[in-house]
Amino acid sequence: MSEQFHPQIEPNRKLSALAGLAARYGDPAHSVAQGGHVRTIAAGHYTVAGLSKHLHLGDFVGHRSPRGLHLGEVVRVEPELAYVCPIEPGEPIAIGDTVIRKGAFRVGATDSWCGRTINALGEPIDGLGPVLAGADRRPIVTTAPPSMGRRRVEQGFRTGVKAIDIFAPLCLGQRLGIFAGSGVGKSTLLSMLARADAFDKVVIALVGERGREVREFIEDTLGDNMAKTVAVVATSDESPMLRKMAPLTAMTIAEHFRDQGENVLFIADSITRFALAIREVATAAGEAPIARGFPASVFTELPKLLERAGPGEEGKGTITAIISILVDGDNHNDPIADSTRGILDGHIVLDRTLADEGRYPPINPLSSISRLARKAWSADQEKLVSRLKTLIHRFEETRDLRLIGGYRAGSDADLDMAIKQVPILYEVLKQTPSDRPTADAYADLAHALKAANNAGNANARARA
Ligand SMILES: Nc1ncnc2c1ncn2[C@@H]1O[C@H](COP(=O)(O)OP(=O)(O)O)[C@@H](O)[C@H]1O
Ligand SMILES: [Mg+2]
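The rules behind the values
Residues numbered from 1 in each chain as written. Chains lettered and ligands numbered in written order. Predicted model: local features only at pLDDT ≥ 70, side-chain atom pairs only at ≥ 80, totals over all residues. Heavy atoms only, no water. Phe/Tyr/Trp six-rings, centres within 6.5 Å; stacked < 30°, edge-to-face > 60°. Helix = DSSP H or I, 4+ residues; strand = E, 2+ residues; numbered from the N terminus. Buried < 20%, exposed > 50% of the residue type's maximum accessible area, 1.4 Å probe, protein only. Lys NZ or Arg CZ within 6 Å of the ring centre and 35° of its normal. Contact = heavy atoms within 4.5 Å. Near = heavy atom within 4 Å. Polar contact = N/O pair within 3.5 Å; in protein donor to acceptor, adjacent residues only side chain to side chain. Areas by Shrake-Rupley, 256 points an atom, 1.4 Å probe, with all protein chains shown as cover. 1 Å grid on protein atoms, 1.4 Å probe; cavity = no way out; pocket = protein on both sides within 12 Å on 5 of 7 lines; lining within 4 Å. Sits in = over half its atoms within 2 Å of the grid points. Nonpolar A, V, L, I, M, F, W, Y, C, P; charged D, E, K, R; others polar. Points joined across faces, edges and corners; volume = space filled by probe spheres on them. Axes fitted to C-alpha atoms, helices over the stretch in contact; angles between N-to-C directions. Parallel < 35°, antiparallel > 145°, perpendicular 65-115°, else oblique. Left-handed = near helix turned anticlockwise from the far one by under 90°. Salt bridge = Lys/Arg side-chain N within 4 Å of Asp/Glu carboxyl O.

> Before we move on, could you go through the packing of aromatic side chains and cite the residues and values that matter?
Across all of its chains, the model carries 4 aromatic pairs by this definition. Relative to phenylalanine 105, the ring of phenylalanine 60 has its centre 5.2 Å away and its plane inclined at 35°; by these criteria the two rings are tilted. Residue phenylalanine 60 is located in strand β3 (residues 60-65), and its partner phenylalanine 105 is located in the loop between β6 (98-103) and β7 (106-107); the two are separated by 45 residues in the primary sequence. Of the two residues, phenylalanine 60 and phenylalanine 105, both sit in the buried class. Ring geometry for phenylalanine 157 versus phenylalanine 199: centroids 5.0 Å apart, planes at 75°, classification edge-to-face. On the criterion of sequence distance, the pair formed by phenylalanine 157 in strand β10 (residues 156-157) and phenylalanine 199 in the loop between α4 (186-193) and β13 (201-207) is long-range, its members being 42 residues apart. As far as the burial class goes, phenylalanine 157 and phenylalanine 199 line up, both buried. The cationic tip of arginine 359 hangs over the ring face of tyrosine 426; the distance from NZ or CZ to the ring centre is 3.5 Å.

So, in structure tokens, the structure goes:
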């Protein structure tokens with residue numbers, strides 16, 4: 001870490017005021033101006049003596065070494081000692097080194113950040129030159145707008161992904177999770193959703209991905225859309241502190257755009273890796289695990305981050321959040337999946353069996369739910385979707401029976417209809433990233449069903 005990040009950090013007013021007082025009155029608080037010093041050093045953290053009274057959880061401190069100033073975050077405060085997780089592990093650190101308080105970490109996004117890829121500290125990593133901070137510098141740890149002051153979520157929008165627009169349509173300001181095991185299609189679906197044209201800005205947090213995947217995601221899949229996108233990246237080889245900060249930095253950038261009145265799409269891939277990073281940091285600080293190895297702070301940080309998305313106050317824009325959740329061994333009840341599901345206004349479930357059949361995106365239409373679908377559907381659409389779900393259900397529950405020849409056509413009108421229409425529906429829902437986003441998924445579906453019907457009638461006439 002070098003000195004160049006100083007402008008990102010709030011000037012320490014309290015500290016300089018204290019130092020001023022100390023100078024005037026010869027107060028012992030004078031030592032604050034010099035900061036504290038390193039008392040103990042462990043694998044994931046170090047402790048600082050002499051600053052406890054002046055530090056808050058989440059504050060940043062700077063540790064001075066001969067190589068410069070290294071940032072760390074305060075993760076625990078005791079009367080005599082403060083525990084600090086360094087942002088970059090491996091920095092040279094020695095007992096007695098000076099540590100100074102820096103206050104909250106801030107980022108100052110501007111429109112010029114669009115098209116850029118930055119790290120969790122707001123520094124460019126795309127080789128395209130400096131990223132300049134604007135005047136609107138916000139702490140990356142903050143609270144959501146008061147819920148009563150927020151606008152209501154009620155304006156539907158099209159994502160361009162047919163399976164979602166038909167079965168789980170979304171509203172601006174909604175919070176949606178995409179749940180799946182690894183390699184099933186989460187990142188690909190997110191990149192398709194990032195192209196929805198309802199948004200003025202897109203902010204993407206890529207957490208814990210391999211470097212190669214990040215490049216692929218940004219260069220191949222985002223393409224032209226990168227012009228209105230800011231990507232915040234913390235790859236798997238970076239410190240847990242940076243992986244933990246990336247979604248917070250991204251959300252802060254999204255809030256800046258929202259407060260300019262814009263509709264922002266916030267994407268985090270994956271929130272599970274964010275949770276794992278919080279766990280790593282918390283464990284290093286000595287927090288005890290409570291659920292499957294996860295400490296309590298994981299379950300408070302997740303809602304805190306997601307609450308920040310949603311509609312803004314009157315006159316401001318919205319933040320629609322779409323996050324991916326890695327479900328461990330396809331177990332949809334692991335603690336992270338469980339606790340996030342409760343905070344979200346909808347979830348998309350990706351099924352490995354659909355992916356294996358080549359039915360991409362592998363969205364399960366029966367288990368994917370948007371809690372705000374009613375606001376996005378018309379009455380007719382709602383009726384149609386309910387009918388389609390019944391047909392899919394009939395089709396799937398009789399799959400084995402039909403395979404062994406246990407069903408004769410004509411004995412169940414509903415099932416006959418399902419056998420005819422569901423395969424057409426499945427075909428319509430297929431979409432790859434190279435397909436253009438669909439303007440009207442219902443029209444596509446109606447068109448396909450009508451074409452199949454006409455072909456069927458023509459065949460019947462030919463046979464007659
Ligand atoms: N919509 C899609 N169309 C075609 N292939 C897809 C689609 N979604 C996923 N895939 C295939 O599945 C692979 C894994 O997808 P990915 O999005 O990286 O999964 P995850 O993020 O869940 O690990 C991709 O490399 C691609 O081959
Ligand atoms: Mg992925």
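> Lay out the environment of isoleucine 178 with the relevant residues and their values.
Locating isoleucine 178 in the fold gives a position in strand β12 (residues 175-180). The spatial distance from the C-alpha of isoleucine 178 to the C-alpha of alanine 277 is 19 Å, given a sequence separation of 99 residues. With residues up to four places along the chain from it excluded, the contact list for isoleucine 178 reads Lys186, Leu189, Leu190, Leu193, Ile322, Ile323, Ser324, Ile325, Ile348 and Leu350.

> Provide a residue-level description of the site of ligand 1, including the pertinent values.
Taken together, 14 residues lie around ligand 1, and Gly183, Gly185, Lys186, Ser187 and Thr188 are the ones closest in. In the environment of ligand 1, an oxygen atom lies 2.8 Å from a nitrogen or oxygen atom belonging to the side chain of serine 187. Here glutamine 431 contributes a backbone N or O atom positioned 3.0 Å from a nitrogen atom of ligand 1. In the complex, the protein chains occlude 67% of the 560 Å² of accessible area that ligand 1 would expose alone. Counting atoms within 2 Å of the grid points, the majority share of ligand 1 lands in the largest pocket. Among the residues forming the shell around ligand 1, the class breakdown is 5 nonpolar, 8 polar and 1 charged.

> An account of empty space enclosed by the protein is needed here, citing residue identities and associated values.
Here the structure, examined in full by the defined rule, presents 4 cavities of 30 Å³ or more. By volume, the largest cavity is sized at about 80 Å³. Considering the residues around the largest cavity, the lining is formed by Ala163, Leu354, Arg359, Tyr360, Pro361, Pro362, Ile363, Pro365, Tyr426, Leu429 and Lys430. Taken together, the residues of the lining of the largest cavity sort by class into 9 nonpolar, no polar and 2 charged.

> Any details on the packing of helix α7 (residues 271-284) against helix α8 (residues 296-307)? Residues and values, ideally.
The description of two packed helices rests on the angle between their axes and on the distance between the axes. Running from amino to carboxyl end, α7 crosses α8 at an angle of 135°, the nearest separation of the two axes being 9 Å. Classified by the angle their axes make, α7 and α8 are oblique. Seen along the crossing, α7 lies across α8 with a hand that is right-handed. Residue-level inspection shows Ile271, Phe274, Ala275, Ile278, Arg279 and Ala282 of α7 in contact with α8, the latter providing Ser297, Val298, Glu301, Leu302 and Leu305.

> Go over the pattern of salt bridges, please, and point to the residues and values.
Summed over all chains, the structure comprises 23 salt bridges. Residue aspartate 126 is joined to arginine 116 by a salt bridge in which the shortest nitrogen-to-oxygen separation is 2.8 Å. Separated by 10 residues along the polypeptide, aspartate 126 in the loop between β8 (117-118) and β9 (138-139) and arginine 116 in the loop between β7 and β8 bring together distant segments of the chain. Aspartate 126 sits in the partly exposed class, given a relative accessible area of 23%. In this structure arginine 116 comes out as buried when scored by relative accessible area, which is 9%.

> Requested: an account of the layout of surface pockets, with residues and values cited.
Roughly 620 Å³ of volume is contained in the largest pocket. Of all the secondary-structure elements, those providing two or more residues to the lining of the largest pocket are α4 and α5 (211-222). When its residues are assigned to classes, the lining of the largest pocket shows 11 nonpolar, 13 polar and 7 charged. Its volume calculated, the second largest pocket comes out at about 370 Å³. Along its surface, the second largest pocket is lined by 20 residues, and Leu57, Glu73, Val75, Lys244 and Glu301 are the ones closest to its centre. Breaking the lining of the second largest pocket down by element, the ones donating at least two residues are β4 (68-77), α6 (240-259), α7 and α8. The greatest single-element share of the lining of the second largest pocket, amounting to 4 residues, is contributed by β4.

Spatial relationships are all this shows, so hold off on functional conclusions.
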